[in-house]
Amino acid sequence: MSQMTIQDGSDVLILLGDKQFVIKIVEGQKFHTHKGYIDCSQLIGKPFGSYFKTSTGHSFVALRPSLRDYVSKFARRTQIIYPKDACSMLLWGDIKPGQRVLEAGTGSGALTAYIAQIVGKDGKVYGYDVNEDSIKITKKNLERLNLLSNVELKVGDVTQGVDLDNIDTVVLDLPTPWLAVKPLKKCLTTDAHFVSFSPTINQVEKTVLALKEANYVRIEAFETILREFDVKPDATRPKTLGITHTGYVVSARNCV
Ligand SMILES: C[S@@+](CC[C@H](N)C(=O)[O-])C[C@H]1O[C@@H](n2cnc3c(N)ncnc32)[C@H](O)[C@@H]1O
């Protein structure tokens with residue numbers, strides 16, 4: 001059952017003015033903000049979703065953090081996947097409970113966390129990265145969220161192939177995905193899903209060509225554009241600043 005009241009040790013998402021923080025509530029501790037401090041003790045025993053006041057009288061709300069909130073605060077050694085791109089990769093890769101997913105490179109573990117949450121306790125994520133520090137940081141980030149039980153992390157170059165079988169979906173976010181297409185084919189189920197994320201269109205071309213040569217079908221390449229809006233009565237308009245470019249997704253299905 002979901003925990004509905006804030007406890008000593010709970011993680012909470014604080015919404016204060018236009019700022020947000022994910023903090024751990026510790027009895028007797030103070031959390032300093034730009035609008036006064038938050039006395040953690042006043043939150044304990046209150047329902048998530050309640051309003052409180054800082055020491056200088058500013059109102060804030062305390063909510064349960066979502067996975068997206070946690071991931072946005074991850075320690076990083078690489079650029080992490082943006083939620084808008086993760087969404088399409090998860091859907092195009094048909095990632096669902098119980099699946100066996102091969103992911104590379106894990107980077108800072110943002111995409112690994114999203115996949116691990118969806119495949120659940122009956123599924124498995126095999127995460128590879130050539131860089132040992134990436135594996136360490138992914139492990140640390142996932143450990144904090146209790147998402148490591150269905151994740152196996154390995155230092156390895158996936159363009160050299162991997163010792164796995166019956167993989168339902170392969171998910172790539174690395175500089176040369178086209179070099180991994182052929183070597184990974186033998187570890188996949190016969191009609192497995194392939195999804196790859198690349199920041200440049202040159203990488204997309206090379207990946208699509210490699211997929212065609214390796215007999216993949218239903219090859220698609222696309223970009224997800226997210227435009228946020230400021231919504232105000234009679235003055236609704238797109239936000240002036242926003243993310244312009246992140247990258248492209250290539251998806252395909254294996255066939256024999
Ligand atoms: C942009 S980061 C991935 C970020 C990750 N998706 C996230 O959301 O945190 C790319 C990673 O690919 C790794 N990498 C590069 N070539 C690789 C290869 N051949 N095999 C495995 N990992 C590789 C890099 O070390 C780097 O950590």
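Residues numbered from 1 in each chain as written. Predicted model: local features only at pLDDT ≥ 70, side-chain atom pairs only at ≥ 80, totals over all residues. Heavy atoms only, no water.

K.L.:
How would you explain the layout of surface pockets if you had to name every residue and give the values?
P.N.:
Looking at the largest pocket, its volume works out to about 850 Å³. Residue lining of the largest pocket: 26 residues in total, with Arg 68, Tyr 82, Pro 83, Glu 228 and Ile 243 positioned closest to the centre. For the lining of the largest pocket, the secondary-structure elements that each account for two or more residues are strand S2 (19-24), helix H1 (67-72) and helix H2 (83-92). Per-element accounting of the lining of the largest pocket gives the leading share, four residues, to H1. Among the residues forming the lining of the largest pocket, the class breakdown is eleven nonpolar, five polar and ten charged. Two domains each donate at least three residues to the lining of the largest pocket, and these are domain 1 (11-65) and domain 2 (69-253). Together, 32 residues line the second largest pocket, and Gly 105, Gly 107, Asp 173, Leu 174 and Pro 175 are the ones closest to its centre. (1 Å grid on protein atoms, 1.4 Å probe; cavity = no way out; pocket = protein on both sides within 12 Å on 5 of 7 lines; lining within 4 Å. Points joined across faces, edges and corners; volume = space filled by probe spheres on them. Helix = DSSP H or I, 4+ residues; strand = E, 2+ residues; numbered from the N terminus. Nonpolar A, V, L, I, M, F, W, Y, C, P; charged D, E, K, R; others polar. Domains from an automatic or database assignment.)

K.L.:
A description of the UniProt feature "binding site: S-adenosyl-L-methionine" (unreviewed entry) in the chain should follow, citing residues and the corresponding values.
P.N.:
In this structure's numbering, the residues bearing the UniProt feature "binding site: S-adenosyl-L-methionine" (unreviewed entry) are Ser 108, Gly 109, Ala 110, Leu 111, Asp 129, Asp 157 and Asp 173. Lining the second largest pocket, from the residues named above, are Ser 108, Gly 109, Ala 110, Leu 111, Asp 129, Asp 157 and Asp 173. Take Asp 157: it is sitting in the loop between strand S9 (151-155) and strand S10 (167-172). Reaching out from Asp 157, the side chain makes a polar contact with the side chain of Thr 159 at a distance of 2.6 Å. As for its position among the elements, Asp 173 is in the loop between S10 and helix H5 (178-185). If we skip the residues at most four places from it in the chain, Asp 173 touches Ile 81, Ala 104, Gly 105 and Phe 197. (UniProt positions renumbered as here; feature names shortened; annotations may be inferred. Polar contact = N/O pair within 3.5 Å; in protein donor to acceptor, adjacent residues only side chain to side chain. Contact = heavy atoms within 4.5 Å.)

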